[in-house]
Amino acid sequence: MSNIIGIGAAPRRKEDFRFLTGRGNYVADVKRADMTFGVFIRSPHGHAVIRGIGKAPALALPGVQAVLTGDDVAADGLGSLPCGWGIHGTDGLPMKEPPFPMLAQGKVRFVGDMVAFVVADTLEQAHAAAEAVVIDYDVLPSVVGVLEAVRPGAPQLFDDVPNNLCCDWELGDKAAVAIAFRKAAHIARLSLVNNRLIGNPMEPRAAIAEYNAGTGHYTLWSTSQFPHVVRFLMSALVLKIPEQKMRVVAPDVGGGFGVKQFHYGEEAVVTWAAKRVGRPVKWVADRSEGFVSDRHGRDHVTEAELALDQHGKFLALKVATLANMGGYLSTFGPNIPTNLYGPLLSGVYTTPAIYCNVKVVFTNTVPVDAYRGAGRPEATFVVERLVDVAAKEMGIDRVELRRRNMIPKESYPYQTPVLVEYDSGDPMGCLEGGLAAADVTGFPERKAASERAGKFRGLGFSTYVEACGLAPSRFAGRLGARGGLYESATVRVHPTGQVTVLIGTHNHGQGHETTFAQIVSEKLGVDFENVDIVFGDTDRVQFGMGTYGSRSLVVGGAALSKASDKVVVKGKKIAAHLLEASEQDIQFEAGIFSVAGTDRTKSFQEIAGAAYVPHNYPLEVLEPGLEEQAYYDPINFTYPGGCHIAEVEIEPETGVVTLERYTAVDDVGTVINPMIVEGQLHGGIVQGVGQALYENAVYDDVSGQLLSGSFMDYCMPRADHLPNMTIKTHSTLCTHTPMGVKGCGEVGTIGSPAAVINAVVDALSHLGIHHVDMPATPNRIWRLIQNAAMPRAAE
Amino acid sequence: MIISFTLNGRSRTVDIEPATLVADLLRETLHMTGTHVGCDTSQCGACVVLFNGEAVKSCTLLAPMLDGGTLTTIEGLSAPGGSNALHPMQQAFHQNHGLQCGFCTPGMVMTAVAMVGKNPAPTEADVRHGLEGNICRCTGYQNIVASVLAGAAAMNATGIGD
């Protein structure tokens, strides 16, 4: 009996068994014979000149194999860590791009910057030796905030980057916006901070490398979301070794959220050290080390203004943002607050004119790069907060103001004034669905009940869109991408008709082993359990770009769909031969090739068998074998979106905000596996709730020390912080992806911060509070309430 | 020093440095890598194991304390002997999509088993409170909570955990 499990079904996940029984294979689990252990010595200072490094005391200790520094990197002629995006400023000139050495050379620029790598026979010996390395620092003043970093007289991170300004970037029609503002009946203004976050996947980063002196081959196991890109960047640009002699394996990876999609210096150092030491080298980050070295996210300071006419119609939007890049440019760093931010400022609205200026700024902090949502949560937060501020000031209901400005379903495809063209969507449908699902009509009663208990209650909306499915290569290239953004898949049909898929994306929690198997099961009529998905190994899988930007199903799934179609095309040729019919007369459905209008059939298994045992086979015109490969480069981004509605209760005496209800109605296009989509939404929403209520990376502005450097100081959302959420989909189909999919990995994180903060502000609005910065911690809320309650001092 | 204890139903005798943490003993000495280490401040709960039936964070327990005791790890929870039968709590996590990347999962499952051992009929609030010492970054906890509730019911039905 066949067991085809296709699109729209919710089979339980194939990958679960190994994780549930302790049989996962994460990088820290990997052991190699004769392996050594490495420890990084990281800068304890935010900003300092390295006067000298004394290795001798460490090298004299037992078991120590090597102490490597920036001088050794330079002596070996190695490159610095490349930035994958080169953006241009308002002056037309390229961004300032100072080198990012894998081990600091001459200067350290953030607490956690890598200064040396110590390798020893045991981890304990490596730690002891790291303590013995003598580093003479000349400490310099640090600057950690963007406002301070661009002020005259601020500490300068790089001699050739005046005012720490990496790039002064803009998008949109400045003149049209100025004209619209002059005609406005009302201008809503908002200053806000988008707080710095630390992604904290539960598996700390790790790397193990070994070098085979006999063949000249390197193998690196790394906690990476994109092993092929790591191999390409590391071999071609950093270590300068032949790409074909480098294998990168990213086995089971314990969460990524963007944090693991960069080429990190640790990967290069460990690989380089393995050859120098002549033995495998293993490094596993402590969590504390992750806090000061995993790339951070967000960290914007923004001034935004929305011009409206007397009826509340949006006329123009003007946004000025200072974006923190940290101490160096990370792999995607400058792309995030520019190309993934500005083009999202249209939201789901018909705002005709938009202008956005972003100053990208270096500071003495961990480099900032993509974290789940990456630029798009920041843009959504600006737009959705500003809409609420405008509604309040103009006395128009928040939902009504959104309705008046939403892009109608029939206006798609819709060209925004900020580069992108939305192919499909129905924001009004999502809004109406959200209002019903959240029981908004019951809110006044719930609010009254809260008030009777001495508490404040608020309701918040966020109607949003994102651009994902990264990305159309040519479009991205025009914006500054230095690589392609297609994806690849190989469908390898075995002689038995069972299938192995080799795909260039990675799977670190998203359930791709299940979702992709469903696609193949449906397309080829193969039993679900007879499809295995292979990823994360550059020696097994053809070049691929990895997993980030909600791209795996959208771009990788499209490549897989295309490769599966090619298998069917070839299968039809084989079937035509075996069934003695014309190829045009062969039909294929649910795993059966048949001659139209007859009962003559061949199963998929029979065709696969014939392809590999080609005795009765058209060898003159067709190669044996049944394996097809496809690369897919999308023609546009995809634009998932939706309506998120948060309901909070605030205890005035303590300032504690409790998320009471959360409803999301999202348009993610075709849903392959509803169970997995719902799980992605849950996780994404809670990361956004974390930003809104709990999480904050805080630096001491004098010393440059990270004050929130552990789970004791950096508040991660926990089970008892949260209610059960209501998740629904309201899908329109993407018009340009093969299956109509739009992606769902980031929507939750993009829609939720604004919904939660809008609810918090709503709960406090009777006190005259019109904005609350994130995170809305008890301390911050309590102070706001106290200040609002206090009679104003005589001026 | 030499210690003897019961590990997943079998007696083990190992020679260890007295300062060895149980998490390291399991992962590095005994090559049982199902128990994970996700932090260095005993906050994340990825390393939770059952020691004499109690859920403990194995990163806070010194190996000499195991002497004479009984330790159960994620590897020992399902039926032994190469069987693929899952413990009802593991099955509930599978059925309810209670895991994504899988890294926090061993600690979550072990915590849940111990929780149900003490409170056979937990409420949703009990479960949320009981998972306070375990961090998951992927799931938003909703399906983990559903898994634990379903797992508790299944454990009661099968008599496991009595």
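About the cut-offs
- Residues numbered from 1 in each chain as written.
- Chains lettered and ligands numbered in written order.
- Predicted model: local features only at pLDDT ≥ 70, side-chain atom pairs only at ≥ 80, totals over all residues.
- Helix = DSSP H or I, 4+ residues; strand = E, 2+ residues; numbered from the N terminus.
- Rg over C-alpha atoms; globule rule 2.2 N^0.38 Å.
- Contact = placed C-beta atoms within 7 Å.
- Buried ≥ 20, exposed ≤ 12 C-beta atoms within 10 Å, placed from the backbone.
- Expected span 1.5 Å × (residues − 1).
- Axes fitted to C-alpha atoms, helices over the stretch in contact; angles between N-to-C directions.
- Left-handed = near helix turned anticlockwise from the far one by under 90°.
- Pairing = 2+ DSSP bridges.
- Domains from an automatic or database assignment.
- Nonpolar A, V, L, I, M, F, W, Y, C, P; charged D, E, K, R; others polar.
- Core = buried A, V, L, I, M, F, W, Y, C linked by C-beta atoms within 7 Å.
- Right-handed = clockwise from strand over helix to strand, strands pointing away.
- pLDDT = per-residue confidence, 0-100.

**Q** Explanation requested: the overall build of chain A in the structure shown.
**A** Looking only at helices and strands, one finds 20 helices and 30 strands in chain A. Since a compact globule built from 795 residues should have a radius of gyration of about 28 Å, the 28 Å found for chain A is in line with a globular shape. Structurally, chain A occupies a C-alpha span of about 100 × 75 × 50 Å along its principal axes. Considering only intrachain contacts with a sequence separation of at least 6, the fraction spanning at least 24 residues in chain A is 80%.

**Q** Could you clarify how one ought to interpret the overall build of chain B in this entry?
**A** Secondary structure summary: chain B contains five helices and five strands in total. In summary, chain B has a C-alpha radius of gyration of 15 Å against a globular reference of 15 Å for 162 residues, a match within 12%. Overall size of chain B, expressed as C-alpha extent along the three principal axes, is 45 × 30 × 25 Å. When the 162 residues of chain B are sorted by exposure, 54% land in the buried category. Sequence separation of 24 or more characterises 63% of the internal contacts of chain B that already satisfy a separation of 6 or more.

**Q** How do you make sense of helix H15 (residues 512-524) of chain A when you look at a structure like this?
**A** Along an α-helix, residues three or four positions apart point the same way, because every turn accommodates 3.6 residues. All names here are of chain A. Between the first and last C-alpha of H15 there are 18 Å, a value that for 13 residues agrees with the 18 Å anticipated at 1.5 Å per step. Burial runs high along H15: 12 of the 13 residues are buried. Turning to H15, its buried residues are His512, Thr514, Thr515, Phe516, Ala517, Gln518, Ile519, Val520, Ser521, Glu522, Lys523 and Leu524. Positive backbone phi, approximately 70 degrees, marks Gly525, located one or two places after H15.

**Q** Got a minute to help me understand the interface of chain B and chain A in this structure?
**A** Quoted interface sizes are often the accessible area lost when the parts come together. On the chain A side, the residues contacting the 43 residues of chain B number 42 residues. Elements supplying a minimum of two residues to the side of chain B that touches chain A: helix H2 (88-95), helix H3 (105-118), helix H4 (124-130) and helix H5 (142-158) of chain B.

**Q** Sorry, what's going on with the packing of H2 of chain B against H5 of chain B here?
**A** For any two helices packed against each other, the geometry comes down to the angle between their axes and how far apart the axes lie. Residues and elements named next belong to chain B. At a closest axis distance of 8 Å, the pairing of H2 and H5 adopts a crossing angle of 145 degrees. Crossing hand, H2 versus H5: right-handed. Contact with H2, carried on its side by Pro88, Met89, Gln91, Ala92, Phe93 and Gln95, involves Ser147, Ala150, Gly151, Ala154, Met155 and Thr158 of H5 and no other residues of that element.

**Q** Would you mind going over the sheet that holds strand E23 (residues 531-534) of chain A with me for this structure?
**A** Hydrogen bonding along the main chain pairs the strands of a sheet, whether they run parallel or antiparallel. All names here are of chain A. Here four strands make up an open sheet; going across it, the order is E23-E22-E21-E27 and the pairing mixed. Edge strands, defined here as strands with exactly one partner in the open sheet, are E23 and strand E27 (627-632). Sheet twist, expressed as the average angle between the axes of neighbouring strands with direction ignored, equals 15 degrees. Sheet topology note: the strand E22 (residues 499-503)/E23 ladder contains four bridges and is parallel. The residue bridging Leu502 from the neighbouring strand is Val534, located in E23. Docked against the sheet, H15 engages strand E21 (487-493), E22 and E23, running at close to 135 degrees with respect to E23.

**Q** Help me out: how do you make sense of the domain arrangement of chain B in this one?
**A** Residue and element names in this part refer to chain B. Domain annotation of chain B identifies domain 1 (2-76) and domain 2 (88-158). Between domain 1 and domain 2, the C-alpha centre-to-centre distance is 21 Å. At the junction of the two partners, domain 1 supplies 16 residues and domain 2 supplies 13 residues. Mapped onto the side of domain 1 that touches domain 2, the elements with two or more residues apiece are strand E3 (48-51) and strand E4 (54-57). At three residues, E3 tops the list of elements feeding residues into the side of domain 1 that touches domain 2. Classifying every residue of the side of domain 1 that touches domain 2 gives eight nonpolar, seven polar and one charged.

**Q** I would appreciate a short explanation of the domain arrangement of chain A in the present structure.
**A** All names here are of chain A. When cut into domains, chain A gives domain 1 (16-22 + 486-632), domain 2 (31-140 + 202-255 + 260-291) and domain 3 (296-470 + 636-789). Contact residues are listed per partner, giving 21 residues for domain 2 and 24 residues for domain 3. Broken down by class, the residue content of the side of domain 2 that touches domain 3 amounts to nine nonpolar, eight polar and four charged.

**Q** What should I look at first to understand the nonpolar core in this one?
**A** Across soluble globular proteins, you tend to see nonpolar side chains buried next to one another. Counting 307 residues, the largest nonpolar core has Val118, Val501, Val520, Val756 and Val760 of chain A as the members making the most contacts within it. For Val501 of chain A, the contacting residues outside a window of four places in its chain are Ala489, Thr490, Val491, Phe516, Val520, Val531, Ile533, Val534 and Leu560 of chain A.

**Q** How should I be thinking about the pairing of strand E12 (residues 246-249) of chain A in this particular structure?
**A** Side chains on a regular strand alternate between the two faces of the sheet. Residue and element names in this part refer to chain A. Where strand E11 (residues 217-222) and E12 come together, four bridges link them in parallel fashion. By the bridge assignment for E12, Trp221 is matched with Val249. Note on the crossover from E11 through helix H7 (residues 227-238) to E12: the handedness is right-handed.

**Q** Explain the confidence of the model for chain B to me, please; I cannot follow it from the model alone.
**A** Low pLDDT means the predicted coordinates in that region are not meant to be read closely. For chain B, per-residue confidence averages 95 on the pLDDT scale, and residues scoring 70 or more make up 96% of the total. Here the predicted complex scores 0.97 on pTM and 0.98 on ipTM.

**Q** What am I meant to see in the sheet that holds strand E20 (residues 456-465) of chain A here?
**A** Residue and element names in this part refer to chain A. One open sheet holds the four strands; their spatial order is E20-E28-E29-E30, and the pairing between them is mixed. Only two strands of the sheet have a single partner each, and these edge strands are E20 and strand E30 (726-729). Strand after strand, the sheet turns through a mean of 15 degrees between neighbouring axes, direction not considered. The sheet contact formed by E20 and strand E28 (residues 641-651) spans 10 bridges and is antiparallel.

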